[in-house]
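# Results of the structural survey
Single-letter residue listing:
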Amino acid sequence: MTYPATESTAVTADSARASLEALRTEIGKAVVGQDSAVTGLVVALLCRGHVLLEGVPGVAKTLLVRALAASLELDTKRVQFTPDLMPSDVTGSLVYDARTAEFSFQDGPVFTNLLLADEINRTPPKTQSSLLEAMEERQVTVDGTPRKLPDPFLVAATMNPVEYEGTYPLPEAQLDRFLLKLTVPLPSREDEIGVLTRHAAGFNPRDLHAAGIRPVAGPAQLEAARQAVAQVSVSPEIAGYVVDVCRATRESPSLTLGVSPRGATALLATARAWAWLTGRDYVTPDDVKALALPTLRHRVQLRPEAEMEGVTADAVITAILSHVPVPR
């Protein structure tokens, strides 16, 4: 497979950025009107983070992840989380081989580049927690032996926000492992007309190759982009601004749980990735504001009385951003 914008053996930062920007066009061949979710997935790849996609059924959450994998030519696997799913069904297990009289390890679906964890809140906490080591350490330990996962490795988990029967809330420790929580909204009227028009013309969401989706970037482009993001400068004023925003969540009267230092480092990382994607080698307060909601909304917990009054985590974070002094 030949990828665009290579320079002899090395990939430049500019060519890597152009390749990742081309993802929007490729994914747009299958998914209409979800640009912010596409951008969030790219930011997560740059930061080596994981994504929680929340939206009602039928808004193309699964299709979005599949289209991303096809555009990057990443290996992808899907796990449908159900109440009877066991941890070994995700991580893999030791299998006895009668011919050799020995146990051998059989890889689970977690051994992939892009794992789609569909309806992750439908499985019990024991199975949910089987992903914790994989998400944080990039490895799986079975029978005392750690096994490295491939790089890149990203978990894209979906969750239905309106159906609670038969679901298990994600524990705070696992929510904190997700770099971003992206909301996938219902499309606008124009976008929905576009979806129907495509289906009327013969679009088959199960055949992305026939839809014309082709790889526009590979591992080399992604690695070059990650190295470029690591060079994005952060001034002491910006670092202080990130800390002030996160500390303000801990003091909010509407919240019982504020953002931890892990959340502050996550916000700084996503702001750097966004700054690089927009063509800058330094972070501005606007970069922090642009990524604050998806990076922080799942790291805070509302007070019960605030929830009863209709307050949302997004509203609290937005109010904090409007009150915390912005560095000049």
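Every residue gets a number counted from 1 within its own chain, in the order that chain's sequence is written. Confidence filtering applies because this is a predicted model: local features only for residues at pLDDT of at least 70, side-chain atom pairs given and counted only at 80 or more, and all residues used for totals across whole chains, interfaces and linings. Computation of side-chain values: all heavy atoms of the structure, hydrogens and water removed.

As recorded in an unreviewed UniProt entry, the protein goes by MoxR-like ATPase and comes from Streptomyces spororaveus.

### Re the UniProt feature "domain: ChlI/MoxR AAA lid" (unreviewed entry) in the protein
Note the threshold: UniProt positions are given in the numbering used here, feature names are shortened, and annotations may be inferred rather than shown by experiment. Numbered from the N terminus, helices here are DSSP runs of H or I no shorter than four residues, and strands are runs of E no shorter than two.
Here, UniProt's "domain: ChlI/MoxR AAA lid" (unreviewed entry) annotation points to residues 247–319. Between the end C-alpha atoms of residues 247–319 there is a gap of 14 Å, over a span that is 63% helix and 7% strand.

### A look at helix α3 (residues 61–72)
Defined as follows: Expected span of a helix, by definition, is 1.5 Å for each gap between consecutive residues, and there is one gap fewer than residues. Any residue under 20% of the maximum accessible area for its type is buried, any over 50% is exposed, and the rest in between are partly exposed; the area is computed with a 1.4 Å probe on protein chains only. Contact definition: two residues touch when any of their heavy atoms are within 4.5 Å.
Under the 1.5 Å per step criterion, the end-to-end length of α3 is 17 Å for twelve residues, consistent within 8% with the ideal 16 Å. Burial within α3 is extensive, with nine of its twelve residues counted as buried. Residues of α3 that are buried include every one of K61, L63, L64, V65, A67, L68, A69, S71 and L72, and no others. Looking at the buried side of α3, the elements it contacts are α1 (13–27), α2 (35–47), β1 (51–54), β2 (76–80), β5 (114–118) and β8 (154–159). Looking one or two residues past α3, E73 carries a phi angle of roughly 50°, positive in sign.

### Notes on the sheet that holds β2
Stated formally: Two strands form a pair only when DSSP identifies at least two bridges running between them. The axes are straight lines fitted to the C-alpha atoms, using for helices just the contacting stretch, and the angles between their N-to-C directions are given from 0 to 180°.
Read across the sheet, five strands follow the order β2-β5-β8-β1-β9 without closing on themselves; strand pairing throughout is parallel. Each edge of the open sheet is held by one strand with a lone partner, namely β2 and β9 (180–183). Adjacent strand axes in the sheet meet at a mean angle of 20°, parallel and antiparallel pairs treated alike. Where β1 meets β9, four bridges bridge the pair, whose relative direction is parallel. Following the sheet pairing, V51 is matched in β9 by L180. Here α2 sits on the sheet in contact with β1, β8 and β9, set at roughly 165° to β9.

### Remarks on the environment of L52
In this fold, L52 is placed in strand β1. Put simply, L52 and T183 are 131 residues apart on the chain and 8.4 Å apart in space, counted from C-alpha to C-alpha. When neighbours within four sequence positions are excluded, L52 is seen to be in contact with I120, A157, M159, L170, L175, F178, L180, K181 and L182.

### Remarks on the side chain of N160
Relative to the assigned elements, N160 resides in the loop between β8 and α7 (172–175). For N160, the residues in contact, after removing those within four places along its chain, are G55, V56, P57 and N121.

### Quick word on the environment of R122
Structurally, the position occupied by R122 is in the loop between β5 and α5 (125–128). The class of R122 is buried, set by a relative accessible area of 16%. On a C-alpha basis, the gap between R122 and D84 in space is 9.4 Å, while along the polypeptide they are 38 residues apart.

### Some words on a nonpolar patch on the surface
Spelled out, the test is: Each patch groups residues whose relative accessible area exceeds 30% and which form no salt bridge, using 9 Å between like charges and 5 Å between nonpolar side chains of Val, Leu, Ile, Met, Phe, Trp and Tyr. For the accessible areas, the method is Shrake-Rupley and the probe is 1.4 Å, while residue cover comes only from the protein chains on display. Take a side-chain nitrogen of Lys or Arg and a carboxyl oxygen of Asp or Glu: if they are within 4 Å of each other, that pair is a salt bridge.
Taken together, L94, Y96 and F103 make up a surface patch of nonpolar side chains, about 330 Å² in accessible area. With a relative accessible area of 59%, F103 lands in the exposed category.

### Comments concerning the environment of L64
Inspection of the secondary structure puts L64 in helix α3. For the pair L64 and L53, spaced eleven residues apart in the sequence, the C-alpha separation amounts to 10.0 Å. When near neighbours in sequence (up to four residues on either side) are disregarded, L64 contacts I27, V31, A37, V38 and L41.

### Regarding the packing of aromatic side chains
For the record, the criterion: To pair, rings of Phe, Tyr and Trp, with the six-membered ring standing in for Trp, must have centres within 6.5 Å; the planes then decide the type, stacked if under 30 degrees apart, edge-to-face if over 60, and tilted in the middle. The criterion is that NZ of a Lys, or CZ of an Arg, lies within 6 Å of the ring centre and within 35 degrees of the ring normal, and then a charge sits over that ring.
If you walk through the whole model with that rule in mind, you get two aromatic pairs. Between the aromatic rings of F105 and F111, the centroid separation amounts to 5.8 Å while the plane-to-plane angle is 70°, which identifies the pairing as edge-to-face. Sitting over the ring of W276, R17 keeps its end group 4.6 Å from the ring centre. Here the basic side chain of R280 rests over the ring of Y282, its NZ or CZ set 5.6 Å away from the ring centre.

### A closer look at the pairing of β8
In terms of burial, β8 is a largely internal element, six of the six residues being buried. In β8, alternate side chains face the same way, and those of L154, A156 and T158 on one face and V155, A157 and M159 on the other are all buried. Across four bridges, the pairing between β1 and β8 is parallel. Bridged to E54 within β8 is M159. With four bridges connecting them, β5 and β8 associate as parallel partners. The residue bridging L115 from the neighbouring strand is V155, located in β8.

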